[in-house]
Each structure stands twice: as C-alpha cells, then as structure tokens.
Amino acid sequence: MKFKALIVEDEKLSRDFLSNMVREYCPQLELVAVASDVEEALQRISAHSPQLIFLDIEMQTGTGFDVLQRASHHNFHVIFTTAFDHYAIQAIKFSAVDYLLKPINVDELETAVGKAVKQMEGPVPDNRLEVLLKNLNRQTGEDFCISLSTSEGVDFIPLSGIIRLEAKGPYTIFYLKDGRQIMVSKNLKEYETSLQEHGFFRIHNSNMINLKDVKRWVRTDGGYAVMSDGAMVAISPKKKDEFMALMTKRTV
C-alpha cells in the first residue's frame, strides 16, 4: 500500500528537486500532485485527498500555515519544509510536527517519511496539526501546548501543567500537576532550548524544573529546590548562582 503525497513549494527548482527525491527514495509514497501557492494547494487537497503533504512554510502568496488554516479538514499528515530555521519552529517542535530544513538531506527525508508512515499506519488519531494551530493562534499570555509521544499514543500538555522533567538515559519523564508521569523516548537535551524560553530551568544534568512550581529553595545540604509536588531536586554547583539569581528576580 502506498500513501498519497502532495508537495507544496513555490520555487520550481526546489519543487522539482523534492519531487525527484520522493520518487526515488520514498517507495511508500505515491506523489499525486504538486502545488506552487496557497490557492493551488487548497485545490489539490480537495481534488486528491493526500495523506501526506510536504508543505513549504514561506511562499510568495502566503505561508504553509495559511494552507492549514483554510483547509476544510486536516485528514492528512504534514512535513514542513523551510529554509528558515527560526520561522515558527518553536511552535512546530512543541506540536511534534516534523520539518525538514532546506537543502533537504536524503537521510533526513527518509527518516521523516518513515515516522509519518508509522503514524499513518497507527490506530491512534493524530491531533498534532490542531495543537500546532492552537499554538500559532494562541492569545497573549495563553499557554503553549506540547505534544508528548509515548508507546500508547500522544498526550497534549499545556506547559503550565508541567512541574519538572527528569532524565533517564535516552528517555525523559515529565511530572505533571495532575499527578501523572509521562515517559517519552527523547533525551532531556531535546527539550532544554525550547522550554527555557518559557520559564523552565536546567537545574541539574538530570533535571529541568518549572520555576513557577518552586515552593522553596534550600542552601544547605549542597542546595536543592522543593517543588510543588514535594520533590526535592538537587541544584548543580555549576547552576547554583544562575538559579539563585533567577529566583531572586522572581521574588522582586
């Protein structure tokens, strides 16, 4: 069984290049159409009902997000393609929607398509696009949601619902305010850059905490933070000054 694919790309050379790569390296896919702008993309989605869309983020007539906003349904998976590693990448990462940076690498293409095929073959409905659109359209002060994939499915968690993260080898455990613990097969480093912009702090090599959930911090016994769930998280000596500066700033 092959999955129907659509390429949305406004630059002809890039469009032809990706088309050739998909035909040569992605035998799981049948490339049913290409589109060069937002309107054409919407027409192709309606006409062909693709299951996977390679979607350029920035086009002359609009963005890939415009396509998603205006599409009548989201019964498809998306792999974004972009030359801009800063353009809405944070929202995309939080939603766990895949993306490829141009120029597209064959290995990265095969990996992204392999993940998409696995998701399309799975029994669990995929709400990543809805979460992405919610993150993109959030009001000032409104929470980001983060998508956490596990062996059982996908959980969508508001950042304010996360107390702390703990590294367990190649895995990360999320400790939530509702008492749940969610283990994902990504290491803590993959979340550090994105979350630190939203009030999280890598307090120790094995732990990252939500600063808003620190109930008290103790200087004795090497230093540790007491979290809202009662956990006592050690403060790395290398991080102590930075942590105390952040906590002092929070109380001013």
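A few points on the structure. (Residues numbered from 1 in each chain as written. Predicted model: local features only at pLDDT ≥ 70, side-chain atom pairs only at ≥ 80, totals over all residues. Heavy atoms only, no water.)

### Considerations on the overall build of the protein
- Helix and strand counts for the protein stand at 8 helices and 17 strands.
- Based on the C-alpha atoms only, the size of the protein along its principal axes is roughly 65 × 35 × 30 Å.
- Residue burial in the protein is summarised as follows: out of 252 residues, 44% are buried.
- Across the protein, contacts joining residues at least 24 apart in sequence account for 55% of those joining residues at least 6 apart.
- On the protein, roughly 13,300 Å² of surface is accessible, and the fraction owed to carbon and sulfur atoms is 48%.
- Within the protein, the 34 negative side-chain charges are centred at a point lying 7 Å from the centre of the 30 positive side-chain charges. (Helix = DSSP H or I, 4+ residues; strand = E, 2+ residues; numbered from the N terminus. Buried < 20%, exposed > 50% of the residue type's maximum accessible area, 1.4 Å probe, protein only. Contact = heavy atoms within 4.5 Å. Areas by Shrake-Rupley, 256 points an atom, 1.4 Å probe, with all protein chains shown as cover. Lys, Arg positive; Asp, Glu negative; His and termini not counted. Charge placed at Lys NZ, Arg CZ, Asp CG, Glu CD.)

### Topic: the sheet that holds strand E11 (residues 171-176)
- Taken in spatial order, the 5 strands line up as E12-E11-E10-E14-E13 in an open sheet, and their pairing is antiparallel. Of all the strands in the sheet, just strand E12 (181-184) and strand E13 (200-204) have a single pairing partner and so form its edges. Averaged over all pairs of adjacent strands, the angle between their axes in this sheet comes to 20°, without regard to strand direction.
- Relative to strand E14 (residues 207-210), strand E10 (residues 162-168) runs antiparallel, the two sharing 3 bridges. When the sheet's bridge partners are listed, Leu165 is paired in E14 with Met208. (Pairing = 2+ DSSP bridges. Axes fitted to C-alpha atoms, helices over the stretch in contact; angles between N-to-C directions.)

### Things to note about the pattern of salt bridges
- Evaluation of the coordinates by the stated rule reveals 13 salt bridges.
- The closest approach of N and O atoms between Glu192 and Lys189, which form a salt bridge, is 3.6 Å. A residue pair is termed a helical-turn pair when its members lie 3 or 4 positions apart in one helix, as Glu192 and Lys189 do in helix H7 (residues 189-196) at 3 residues.
- On the basis of relative accessible area, Glu192 is assigned to the buried category, the value being 12%.
- The partner of Glu192 in a salt bridge is Arg202, and the shortest N-O contact between them spans 2.8 Å. Taken as a pair, Glu192 in helix H7 and Arg202 in strand E13 lie far apart in primary sequence, 10 residues in all. For the pair formed by Glu192 and Arg202, the shared burial category is buried.
- One salt-bridge network, in which partners are shared between bridges, spans Glu9, Asp56 and Lys102. (Salt bridge = Lys/Arg side-chain N within 4 Å of Asp/Glu carboxyl O.)

### Some points on the side chain of Ser236
- Within the element layout of this structure, Ser236 appears in the loop between strand E17 (232-234) and helix H8 (240-251).
- According to the relative accessible area criterion, Ser236 is buried, its value standing at 14%.
- When neighbours within four sequence positions are excluded, Ser236 is seen to be in contact with Ile203 and His204.

### Brief notes about the sheet that holds strand E2 (residues 29-35)
- Spatial ordering of the open sheet is given by E2-E1-E3-E6-E7, a layout of 5 strands whose pairing is parallel. In this open sheet, the two edge strands, each paired with only one partner strand, are E2 and strand E7 (98-101). Strand after strand, the sheet turns through a mean of 20° between neighbouring axes, direction not considered.
- Relative to E2, strand E1 (residues 3-8) runs parallel, the two sharing 6 bridges. Residue pairing for E2: Lys4 is matched across the bridge by Glu30.

### So, the environment of Gly230
- Following the sequence through the fold, Gly230 ends up in the loop between strand E16 (224-227) and E17.
- Looking at Gly230, the relative accessible area reads 48%, which means it is partly exposed.
- A sequence separation of 75 residues divides Gly230 from Asp155, and the C-alpha atoms of the two residues are 24 Å apart.

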